[in-house]
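Listed below are the residues making up each chain.
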Amino acid sequence: MQGNQFDVVIVGGGMVGAALACGLTQQHFRVAVIERAEPAPFDADSDPDLRISAIGSSSVALLKQLNVWPRVEAMRSAPYRRLETWEWQTAQVSFDAASLGLPELGFMVENSVLQRALWEEMQSLGVTCYCPATLENLQPENGGWRVDLNDGMALHTRLVMGADGANSQVRQMAGIGIHGWSYAQSCLLISVTCDHPAGDATWQHFTPQGPRAFLPLYGNRASLVWYDAPARVRQLQAMPIAQLEKEIASHFPARLGRFKAHAAGGFPLVRRHASRYVLPGLALVGDAAHTINPLAGQGVNLGYRDIDALIDVLVSARDAAEDWASERVLQRYHRQRRKDNLLMQGGMDLFYFAFSNQLAPLRLARNLGLIAAEHSGVLKRQVLRYALGL
């Protein structure tokens, strides 16, 4: 077999693409990954990454299966055991790990830490990585694909996977359309040090302008999330840190306490969904297939559910001597994941629209809804289990 022929070529070696590469390599597929830049080595003295993911229990289980989780633990992660959300103090909903008999609901992990851990595991498995490299062209050939790189090299593969994010080149080159919209909100991420230990509870306070959230990290470090109108987020992002601190103190709940801000970065909120996830010999995973309002931190977890389903479909088909790269087989992945992703997108949108409205009857209804949810017992636990992928 020539050096540039593979079973699977994955475009994008980030949190989803690298995990997929590890999983498929473990299952003895010959895998290549195309990635723009290698993640920086971990530095224990560095400030935490602004971008944080809330990794749920089922995603942690996948990362353990891939032998990646011990690498994350050797770097930095923080367990969270309680999740609280409210608009009125009298209408608070709280979820806790103990109610499901779990040691924690999940872990807050910096994206840079997760990317580095996955990259190191890919290297230890001997995955062929083309990096730094970018995709130049995709061409169907001999029942598979020819993948042209920016340095003139051509790879040949039975299956191409687009794990290259929300603006996926694979999706665009394959001619797969998307439907979606921009939300009337942006999101500001702020890295802070608190005067008190960050603890193991993450909370979200709904306001008419958008939620204010607290994500505990290690020690006294935490991440704040401020949703607001795009113009307001741009204004906050442009402020000197001292002025931003005053704005945070006057707009976040008092339970935040005293803190010091270090850095802030904003991004717009966009919902996208690919019209289809697969073509013959081609599949989209993670943000390339779907992006979601980050309200509940479900983005990367949905990507990991995609990976679980896709690996299962491919291995089962191969074991049954089917053409595992065929559209007929890949459609099983599409059917399995599209419904779940639409359900999660719809749930987040329901929350977004319900809580971004000032109508008094709706404010009353949503807070009565939170009170009912808090006392719903079994239903509340079922919602939590679903969100965690259990």
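Computed from a predicted model, the values in this text were never measured in an experiment.

1. Focus on the sheet that holds strand E12 (residues 178-194)
- Spatial ordering of the open sheet is given by E6-E5-E13-E14-E15-E12-E16-E19, a layout of 8 strands whose pairing is mixed. Two strands in the sheet have a free side with no partner beyond their single neighbour: strand E6 (93-96) and strand E19 (290-291).
- Taken together, the 14 bridges between E12 and strand E16 (residues 259-274) define a ladder with antiparallel strand orientation. From the neighbouring strand, Ser 182 faces E16, where its bridge partner is Val 270.

2. A few points about unusual backbone geometry
- Looking along the chain, the bond that leaves Cys 131 and enters Pro 132 is cis, with omega of 0°.
- Mapped onto the elements, Pro 132 comes out in the loop between strand E8 (128-130) and strand E9 (135-141).
- Of note, the phi angle at His 28 is positive, near 70°, even though the residue is not glycine.
- Although it is not a glycine, Asn 67 adopts a positive phi angle of roughly 65°.
- Among the secondary structure elements, Asn 67 is positioned in the loop between helix H2 (57-65) and helix H3 (69-75).
- Its relative accessible area of 43% is what places Asn 67 among the partly exposed residues.

3. Things to note about the sheet that holds strand E4 (residues 78-80)
- With respect to topology, 3 strands assemble into an open sheet ordered E3-E7-E4, the strand pairing being antiparallel. Each end of this open sheet is capped by a strand with a single partner; those strands are strand E3 (52-56) and E4. Neighbour-to-neighbour, the strand axes of the sheet open up by a mean angle of 30°, direction not taken into account.
- Bridge count between E3 and strand E7 (residues 106-110): 5 bridges; the pairing is antiparallel. Residue Ile 55 lies in a different strand from E7, and its bridge partner there is Phe 107.
- Relative to the sheet, helix H4 (residues 111-125) contacts E3 and E7, its axis offset from that of E7 by approximately 90°.

4. What about the pattern of salt bridges?
- Overall, the coordinates contain 22 salt bridges when judged by the stated rule.
- The partner of Asp 323 in a salt bridge is Arg 158, with the nearest N and O atoms 2.8 Å apart. Here Asp 323, found in the loop between helix H8 (299-319) and helix H9 (327-355), pairs with Arg 158, found in strand E11 (residues 154-162); they are 165 residues apart in sequence, far enough to count as distant.
- Residue Arg 158 is classed as partly exposed on the basis of its relative accessible area of 34%.
- For Glu 322, the salt bridge identified is with Arg 328, shortest N-O distance 3.4 Å.

5. Quick look at the packing of helix H1 (residues 17-26) against H4
- The geometry of H1 relative to H4 is characterised by a closest axis approach of 9 Å and an angle of 30° between their N-to-C directions. Taken together, H1 and H4 sit at an angle that is classed as roughly parallel. The crossing of H1 and H4 is left-handed. Taking contact as the criterion, the partners of Ala 18, Ala 19, Ala 21, Cys 22 and Thr 25 in H1 are, on H4, Leu 118, Glu 121, Met 122 and Leu 125.
- Classifying every residue of the contact of H1 with H4 gives 7 nonpolar, 1 polar and 1 charged.

What counts, and where the lines are drawn
- Residues numbered from 1 in each chain as written.
- Predicted model: local features only at pLDDT ≥ 70, side-chain atom pairs only at ≥ 80, totals over all residues.
- Heavy atoms only, no water.
- Pairing = 2+ DSSP bridges.
- Helix = DSSP H or I, 4+ residues; strand = E, 2+ residues; numbered from the N terminus.
- Buried < 20%, exposed > 50% of the residue type's maximum accessible area, 1.4 Å probe, protein only.
- Axes fitted to C-alpha atoms, helices over the stretch in contact; angles between N-to-C directions.
- Contact = heavy atoms within 4.5 Å.
- Salt bridge = Lys/Arg side-chain N within 4 Å of Asp/Glu carboxyl O.
- Parallel < 35°, antiparallel > 145°, perpendicular 65-115°, else oblique.
- Left-handed = near helix turned anticlockwise from the far one by under 90°.
- Nonpolar A, V, L, I, M, F, W, Y, C, P; charged D, E, K, R; others polar.

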